[in-house]
Amino acid sequence: MRWKAEDMEQIIAMQEYVDTLLYPVCVSGEEWDESWIKNQFWLERVCGYAERQLTGRLFLFQPLCIALTKEADEEISYMFIQQNIQALSRRFTHCIVVTNDNTVSIELTKKGIETYLVSDPPEEKADTKAFLEKALSESNRIVKRCIALWQNN
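Residues numbered from 1 in each chain as written. Predicted model: local features only at pLDDT ≥ 70, side-chain atom pairs only at ≥ 80, totals over all residues. Heavy atoms only, no water.

A. Structural detail: helix α4 (residues 102-110). If you check which residues of α4 are buried, you get V104, S105 and L108. Seen from one end, α4 has its buried residues packed into an arc of 100°, which puts them on one side. Structurally, α4 contributes buried residues whose contacts are with β1 (20-29), α3 (74-88), β4 (94-99) and β5 (114-117). Residue G112 follows α4 closely and has a positive phi angle near 85°. (Buried < 20%, exposed > 50% of the residue type's maximum accessible area, 1.4 Å probe, protein only. Helix = DSSP H or I, 4+ residues; strand = E, 2+ residues; numbered from the N terminus. Arc of directions from axis to C-beta. Contact = heavy atoms within 4.5 Å.)

B. Highlighting the packing of aromatic side chains. Applying the stated criterion across every chain yields a total of five aromatic pairs. For the pair F59 and F61, a centre-to-centre distance of 6.5 Å together with 55° between the ring planes defines the contact as tilted. Here F59 falls in the buried class, since its relative accessible area comes to 4%. Aromatic rings pair up to connect Y23, F59, F61 and F92 into one cluster. In this structure, R57 packs its charged tip against the face of W150, placed 3.8 Å from the ring centre. Taking the ring centre of F92 as reference, the NZ or CZ of R91 above it sits at 4.6 Å. (Phe/Tyr/Trp six-rings, centres within 6.5 Å; stacked < 30°, edge-to-face > 60°. Lys NZ or Arg CZ within 6 Å of the ring centre and 35° of its normal.)

C. Structural context of the nonpolar core. Ranked by size, the top nonpolar core spans 22 residues in total, and within it L22, I96, V98, V118, I142 and C146 carry the most contacts. Tallying contributions element by element places helix α5 (residues 129-151) first for this core, with seven residues. Among residues more than four places away in sequence, those in contact with I142 are L22, V46, A50, V98 and Y116. Ranked by size, the runner-up nonpolar core spans 18 residues in total, among them V27, Y78, I81 and L108. (Core = buried A, V, L, I, M, F, W, Y, C linked by side-chain atoms within 4.5 Å.)

Put into structure tokens, the structure is as follows:
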């Protein structure tokens, strides 16, 4: 289920069934450019499609955007994400950080956090059939990852 204030009653009613959290984390440079927006849009679209396929079992959290500067201490970002996941894991049996950044994925995995690294956004424009097909394909990989997690528990 996607986080919407008007749906809170339904979310609370389904609480015992919704046991998996998708936590999108988009990492971009400090430059506000087309690539920054495209990465964010891609991550949201892919996670949204996965959420639609697994409605009633999966909760899609609001995306976290991290704009890294050359001077940034990346460890602060990892600690923030880890703190959020630890708090959310009290409610959700399974928590998966979906990110576009390989380093974030590696560092969080080292900390025992389940991660999924999305592919780079396709070159096609977002309103094309090819873009949507690639987004669906990528979301299907996330769905398979969730199902594998459920089967292992």
